[in-house]
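# Structure assessment
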Amino acid sequence: MKIQEFRNLISTADRALLEKAFAESYKHFNKSQKEEVDALIGAILEGKDTKTAAKAAVNFGELGAQIEKFVDNAYAQNYLAPNREVPKSARSKWRFLVKDFLKALDKVALESPDYPRSVELRTELYDVLCEGCNVYLFSTDDPFRSVGWKQEELFQVVVKRTFALGYTRENVAAMLERATGGGLSRECLHVEKMLVLLGELKTSDVRYLALEEAKKLVTKKKAEFMKGKGDSTSRYYQNEHISNLCEMVLMIAVALAEPDEGVPYFFENCRESDPEVALYRALYVMDWMEEDQMWIDIYKYGISRKIRPRKELVKEYQERVKKKG
């Protein structure tokens with residue numbers, strides 16, 4: 001029917017029947033059509049400018065397609081090696097694309113139906129930048145610096161926006177994976193990302209949840225390592241990821257004021273073959289957390305396990321104890 005006939009039909013319809021007709025009609029849209037029309041429907045119901053809303057919806061759809069295409073080309077090294085997908089003149093401009101993408105994603109509000117997808121897209125961009133720190137995807141070994149972001153700061157945006165969707169086990173586990181693994185910028189350390197994540201675990205309940213998920217990941221990655229797949233380099237990074245997760249368990253346990261569980265867990269599961277190196281790592285994390293008393297307590301715990309600290313640690317322990325008076 002024509003639009004005027006449609007208007008006449010609904011103008012005298014019963015409210016309940018009108019709602020039912022609207023719902024049944026909506027069911028016939030596919031996923032992409034719903035993504036486009038949701039903003040428009042919301043704008044109409046809120047009395048906003050429908051032309052602006054429609055334009056915004058279309059633009060977000062285009063943005064998502066552009067980001068997906070960029071990510072695919074980046075992983076294929078099309079911004080680095082000769083290819084037919086990305087013109088030579090455009091390969092060095094990838095950093096400007098990323099900057100524009102991130103700015104556009106910043107404009108997507110939590111209330112928008114596009115928000116969940118915007119979080120996925122931002123995470124995909126973050127991940128490809130991390131991968132670009134491990135292998136050459138672009139003509140630089142530090143993509144974060146190239147796009148004008150510190151890695152830990154962009155990670156914080158990813159974490160905040162992810163948790164705005166809820167502290168689900170899936171979301172927490174995903175952020176634990178990224179905090180403790182992945183490629184690193186020349187100016188970032190895993191412990192800095194872990195501190196960012198710890199800072200976004202706002203309540204005790206969420207911290208307990210994160211503690212459980214971190215331990216699950218340790219168990220999972222240990223099992224994967226035992227299968228013996230991968231070359232020596234990949235197996236080294238597997239072990240390193242497990243040790244980083246153990247550091248995360250230690251950090252969360254200390255933040256919960258429950259070190260009696262976290263400290264033994266760390267030493268039992270850390271993948272360092274030398275116990276003294278494991279002790280050094282635990283103390284290093286406490287230093288970053290500015291937990292002076294815990295530093296001393298963990299040092300004593302290491303001694304109780306008959307670990308012989310290096311001279312630098314012995315000297316630092318003496319200085320910390322002396323400072324405590």
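Please refer to the structure higher up on the page.
Residues numbered from 1 in each chain as written. Predicted model: local features only at pLDDT ≥ 70, side-chain atom pairs only at ≥ 80, totals over all residues. Heavy atoms only, no water.

The next thing to look at is the nonpolar core. Ranked by internal contacts, the top residues of the largest apolar core, which has 79 residues, are Phe70, Leu197, Phe267, Met286 and Ile298. Discounting chain neighbours no more than four positions away, the residues touching Ile298 are Leu250, Val263, Phe267, Leu279, Ala282, Leu283 and Met286. (Core = buried A, V, L, I, M, F, W, Y, C linked by side-chain atoms within 4.5 Å. Buried < 20%, exposed > 50% of the residue type's maximum accessible area, 1.4 Å probe, protein only. Contact = heavy atoms within 4.5 Å.)

What follows concerns the side chain of Arg281. Tracing the sequence through the fold places Arg281 in helix 15 (residues 275–288). On the basis of relative accessible area, Arg281 is assigned to the buried category, the value being 9%. A polar side-chain atom of Arg281 sits 3.2 Å from a polar atom in the side chain of Glu240. The residues contacting Arg281, other than those within four sequence positions of it, are Glu240, Ser243, Asn244, Glu247, Phe266, Cys270 and Glu272. (Helix = DSSP H or I, 4+ residues; strand = E, 2+ residues; numbered from the N terminus. Polar contact = N/O pair within 3.5 Å; in protein donor to acceptor, adjacent residues only side chain to side chain.)

Note on aromatic pairs: each is described by the distance of the centres and the angle between the planes. Enumeration according to the criterion identifies 15 aromatic pairs in this entry. The interplanar angle of 75° and the centroid separation of 5.3 Å between the aromatic rings of Tyr236 and Tyr237 together place this pair among those described as edge-to-face. For the pair Tyr284 and Trp288, a centre-to-centre distance of 6.4 Å together with 70° between the ring planes defines the contact as edge-to-face. With Tyr284 and Trp288 both in helix 15, this residue pair falls 4 residues apart, about one helical turn. Using a relative accessible area of 34% as the deciding quantity, one classes Tyr284 as partly exposed. You can call Trp288 partly exposed: its relative accessible area is 33%. (Phe/Tyr/Trp six-rings, centres within 6.5 Å; stacked < 30°, edge-to-face > 60°.)

Note that Gly302 resides in helix 16 (residues 292–304). C-alpha separation for the pair Gly302 and Pro264, spaced 38 residues apart in sequence, amounts to 9.9 Å. Excluding residues within four positions of it along the chain, Gly302 makes contact with Leu279 and Ile307.

In this section: helix 9 (residues 151–163). The α-helix advances 3.6 residues per turn, and as a result positions three or four apart in sequence lie on the same side. End to end, helix 9 covers 18 Å across 13 residues, agreeing with the expected 18 Å (1.5 Å per residue, within 8%). In this structure, the buried residues of helix 9 make contact with helix 6 (94–106), helix 7 (115–134), helix 8 (143–146), helix 10 (169–180) and helix 11 (190–200). (Expected span 1.5 Å × (residues − 1).)

As a further point, take the environment of Asp100. Here Asp100 shows up in helix 6. Residue Asp100 is classed as partly exposed on the basis of its relative accessible area, which comes to 47%. Sequence separation between Asp100 and Val147 is 47 residues, and the spatial gap between their C-alpha atoms is 9.8 Å.

Moving on: the pattern of salt bridges. Summed over all chains, the structure comprises 22 salt bridges. Close ionic contact of Arg178 with Asp127 constitutes a salt bridge, the shortest N to O distance being 2.8 Å. Here the residue Arg178 occupies a position in helix 10, and Asp127 occupies one in helix 7, the gap between them amounting to 51 residues. On the basis of relative accessible area, Arg178 is assigned to the partly exposed category, the value being 22%. On the basis of relative accessible area, Asp127 is assigned to the partly exposed category, the value being 23%. For Glu213, the salt bridge goes to Lys216, with nearest N and O atoms at 3.2 Å. Within this pair, Glu213 and its partner Lys216 are both found in helix 12 (residues 204–226), separated by 3 residues, close to a single helical turn. A residue is classified by how much of its surface remains accessible, and Glu213, at 8% relative accessible area, is buried. One salt-bridge network, held together by shared partners, links Asp287, Asp292, Glu316, Arg320 and Lys324. (Salt bridge = Lys/Arg side-chain N within 4 Å of Asp/Glu carboxyl O.)

Moving on, we get to unusual backbone geometry. At Gln77, a position not held by glycine, the phi torsion is positive, near 65°. On the secondary structure map, Gln77 appears in the loop between helix 4 (50–75) and helix 5 (88–91). A positive phi angle, close to 65°, is found at Lys306, a residue other than glycine. Structurally, the position occupied by Lys306 is in the loop between helix 16 and helix 17 (311–324). Overall, the relative accessible area of 74% leaves Lys306 in the exposed class.

Moving on: helix 12. Here helix 12 is 23 residues long and its end C-alpha atoms lie 33 Å apart, about the 33 Å a rise of 1.5 Å per residue gives. Every buried residue of helix 12 is accounted for by Val206, Leu209, Ala210, Leu211, Glu213, Ala214, Leu217, Val218, Lys221 and Phe225. Residues of helix 12 that are buried sit in contact with helix 10, helix 13 (232–255) and helix 14 (259–269). A positive phi of about 75° marks Gly228, the residue just after helix 12.

Okay, the packing of helix 10 against helix 11 next. Running from N to C, helix 10 and helix 11 cross one another at 155°; their axes reach a closest spacing of 8 Å. In this view, helix 10 runs roughly antiparallel relative to helix 11, as classed from their interaxial angle. Facing Met175, Leu176, Arg178, Ala179 and Thr180 of helix 10, the residues of helix 11 in contact are His190, Lys193, Met194 and Leu197. Looking at the contact of helix 10 with helix 11 residue by residue, the classes come out as 5 nonpolar, 2 polar and 2 charged. (Axes fitted to C-alpha atoms, helices over the stretch in contact; angles between N-to-C directions. Parallel < 35°, antiparallel > 145°, perpendicular 65-115°, else oblique. Nonpolar A, V, L, I, M, F, W, Y, C, P; charged D, E, K, R; others polar.)

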